[in-house]
2 protein chains.
Amino acid sequence: MSEQEQVGPNRQSVGFTLSQLGFATSRRFGEIVATLGLEPRHFALLRAVRVADGQSQQAIAERLRIPASTMVSLIDHLESEGLLERQPHPTDRRTRLLHLTSRGAEVLEQATILGAELEGSICAGLSTAERETLLGLLARIAGNIGIADGELPDHGTGQRPEALQ
Amino acid sequence: MSEQEQVGPNRQSVGFTLSQLGFATSRRFGEIVATLGLEPRHFALLRAVRVADGQSQQAIAERLRIPASTMVSLIDHLESEGLLERQPHPTDRRTRLLHLTSRGAEVLEQATILGAELEGSICAGLSTAERETLLGLLARIAGNIGIADGELPDHGTGQRPEALQ
DNA sequence: TATTGTTATACTCTATAACTATA
DNA sequence: TATAGTTATAGAGTATAACAATA
């Protein structure tokens, strides 16, 4: 046995391995989007805005489960970078509607491409069938853990929502 | 398509799924050890002490890649809980040697049992062969990412070492 | 002069709550 | 009176650097 001791659930356990790989993958993704001047949470926010252009800050904050005050600083940053804009609501002057700029759309597209490249490097050497097998097994585990497709985790635990990891 | 938008690399990508499951698994493990009054980093520290009783604080800090000042507060906590003890070095009076107490060993054993139960719930419904297949595929991905067996990630990124997640 | 552990401190991140302007 | 967004502030967590004791 290696001198390095296991630290989570048992090494060679699925749980430990998932923790380890999930952490490494998130970190790698963070390094990659950093080359575009973004953090993962900025990427997540740009994506959420792109889902439907012209949503209010509050609508997106609820979607991403982040406090309104955090939204302000995230949007301040992205607006200062010229990636999105606050625009007035046509009838409610309290509300700000968020729109991607063309530059924001470009950066989002580049980040998506870099993400696809990361996916390729992660899965290097796996056949299509193996990748399908892996995704199928992971989906069953997601079911065991209680992560339904498309569901974001409860935010009542004091943990940051994984959307913004 | 679900109204919920993907936030990392593409949903249905291995990378996104690993991030999601890794995060959820870590969180669940944290909730579990919390029932013993521990955080995951305390569990990791107890394990590191158990590897060889009587290591110095510095030796363990290097193993876990955490700053010396952080070690102090972690050990203060565990010592106040009666789970480990600082003892003098026989010849070097600067050095403190760390030892598990019998209660610390018990708690560590209980945490290990709870971790095994978590592993069981994560893998519920998977046959032994499927579990082996999964671990094999994940090991290949670990190789792609550059996580050698037993290796802890570089700590130069500003991220917390996963040992202490 | 170097090293072990401790303490002090500064920084980042996050969330709660107070505040403003509108409704 | 309630709501959208902003600002102020307090807390946790972490790391760097100064420090005391010892080598």
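Keep in mind that this is a model prediction, so the values were computed, not measured.

1. Focus: the packing of aromatic side chains
Residue and element names in this part refer to chain A.
Alright, step 1. Per the counting criterion, the structure on display carries two aromatic pairs over all chains.
Alright, step 2. Centre to centre, the rings of Phe29 and Phe43 are 5.3 Å apart; their planes meet at 65°, and the pair counts as edge-to-face. Taken as a pair, Phe29 in helix H1 (residues 14-34) and Phe43 in helix H2 (residues 40-51) lie far apart in primary sequence, 14 residues in all.
Alright, step 3. Residue classification places Phe29 among the buried positions, given a relative accessible area of 6%.
Alright, step 4. In this structure Phe43 comes out as buried when scored by relative accessible area, which is 1%.

2. Describing the sheet that holds strand S3 (residues 96-100) of chain B
All names here are of chain B.
Alright, step 1. The three strands lie next to each other as S1-S3-S2, forming an open sheet whose pairing is antiparallel. At either end of the open sheet lies a strand with only one pairing partner, and these are strand S1 (55-56) and strand S2 (84-88).
Alright, step 2. Here five bridges tie S2 to S3, and the two strands are oriented antiparallel to one another. Considered in S3, the bridge of Glu85 is made with His99.

3. Some thoughts on the protein's contact with DNA strand D
Alright, step 1. Inspection of the region around DNA strand D gives 20 residues, with Gln58(A), Arg94(A), Arg41(B), Ser69(B) and Arg93(B) positioned closest.
Alright, step 2. In the interface set of DNA strand D, defined as its atoms within 4 Å of the protein, sugar plus phosphate atoms amount to 76%.
Alright, step 3. A distance of 2.9 Å separates a phosphate oxygen of DNA strand D from a polar side-chain atom of Gln57(A).
Alright, step 4. In this structure, a phosphate oxygen belonging to DNA strand D sits 2.8 Å away from a main-chain N or O atom of Arg93(B).
Alright, step 5. Counting only elements with at least two residues in the surface near DNA strand D, the list comes to helix H3 (57-64) and helix H4 (68-80) of chain A together with helix H4 (68-80) of chain B.
Alright, step 6. For the surface near DNA strand D, the element with the most residues is H4(A), which contributes three residues.

4. Structural notes on the protein's contact with DNA strand C
Alright, step 1. In the vicinity of DNA strand C there are 20 residues, among which Arg41(A), Ser69(A), Arg93(A), Gln58(B) and Arg94(B) approach most closely.
Alright, step 2. Each atom of DNA strand C within 4 Å of the protein was assigned to sugar, phosphate or base; sugar and phosphate come to 71%.
Alright, step 3. Thr91(A) has a polar backbone atom sitting 3.3 Å from a phosphate oxygen of DNA strand C.
Alright, step 4. One nitrogen or oxygen atom from the side chain of Arg94(B) is found 2.7 Å from a base oxygen belonging to DNA strand C.
Alright, step 5. Elements with a minimum of two residues in the surface near DNA strand C: H4 of chain A together with helix H3 (57-64) and H4 of chain B.
Alright, step 6. Ranked by residues supplied to the surface near DNA strand C, first place goes to H4(B) with three residues.
Alright, step 7. When the residues that make up the surface near DNA strand C are grouped by side-chain class, the tally is three nonpolar, nine polar and eight charged.

5. Let's talk about H3(A)
Residue and element names in this part refer to chain A.
Alright, step 1. By the burial criterion, the buried members of H3 are Gln57, Ile60, Ala61, Arg63 and Leu64. One face of H3 carries all of its buried residues, which in axial projection span an arc of 160°. Seen from the open side of H3, the exposed residues pointing more than 90 degrees away from its buried face are Gln58 and Glu62.
Alright, step 2. Elements in contact with the buried residues of H3: H2, strand S1 (55-56), H4, strand S2 (84-88) and strand S3 (96-100).

6. So, the nonpolar core
What tends to happen in soluble globular proteins is that the nonpolar side chains get buried as a cluster.
Alright, step 1. Counting residues in hydrophobic clusters, the biggest one holds 80 residues, and the most contacted among them are Leu45(A), Leu134(A), Leu45(B) and Leu134(B).
Alright, step 2. Not counting residues up to four positions away in its chain, the partners in contact with Leu45(A) are Ile60(A), Leu64(A), Met71(A), Leu74(A), Ile75(A) and Leu78(A).

7. Quick word on the pattern of salt bridges
A side chain of one charge can pair with a side chain of the opposite charge if their charged atoms are brought near each other.
Alright, step 1. Under the defined criterion, the tally for this structure stands at 12 salt bridges over all chains.
Alright, step 2. When the shortest N-O distance is used, the salt bridge between Arg86(A) and Glu79(A) registers 2.7 Å.
Alright, step 3. Residue Arg86(A) is classed as buried on the basis of its relative accessible area, which comes to 19%.
Alright, step 4. Here Glu119(B) ties to Arg131(B) by a salt bridge, and the two come within 2.9 Å at their closest N and O atoms.

8. Some thoughts on the packing of H3(A) against H4(A)
All names here are of chain A.
Alright, step 1. Across the interface, H3 lies against H4 with an axial gap of 10 Å and an inter-helix angle of 110°. For the element pair H3 / H4, the angle class is roughly perpendicular. Together, Gln57, Ile60 and Ala61 of H3 and Met71, Val72 and Ile75 of H4 make up the contact between the two elements.
Alright, step 2. In terms of residue class, the contact of H3 with H4 is made up of five nonpolar, one polar and no charged.

Conventions used here
- Residues numbered from 1 in each chain as written.
- Chains lettered and ligands numbered in written order.
- Predicted model: local features only at pLDDT ≥ 70, side-chain atom pairs only at ≥ 80, totals over all residues.
- Heavy atoms only, no water.
- Phe/Tyr/Trp six-rings, centres within 6.5 Å; stacked < 30°, edge-to-face > 60°.
- Helix = DSSP H or I, 4+ residues; strand = E, 2+ residues; numbered from the N terminus.
- Buried < 20%, exposed > 50% of the residue type's maximum accessible area, 1.4 Å probe, protein only.
- Pairing = 2+ DSSP bridges.
- Near = heavy atom within 4 Å.
- Polar contact = N/O pair within 3.5 Å; in protein donor to acceptor, adjacent residues only side chain to side chain.
- Nonpolar A, V, L, I, M, F, W, Y, C, P; charged D, E, K, R; others polar.
- Arc of directions from axis to C-beta.
- Contact = heavy atoms within 4.5 Å.
- Core = buried A, V, L, I, M, F, W, Y, C linked by side-chain atoms within 4.5 Å.
- Salt bridge = Lys/Arg side-chain N within 4 Å of Asp/Glu carboxyl O.
- Axes fitted to C-alpha atoms, helices over the stretch in contact; angles between N-to-C directions.
- Parallel < 35°, antiparallel > 145°, perpendicular 65-115°, else oblique.

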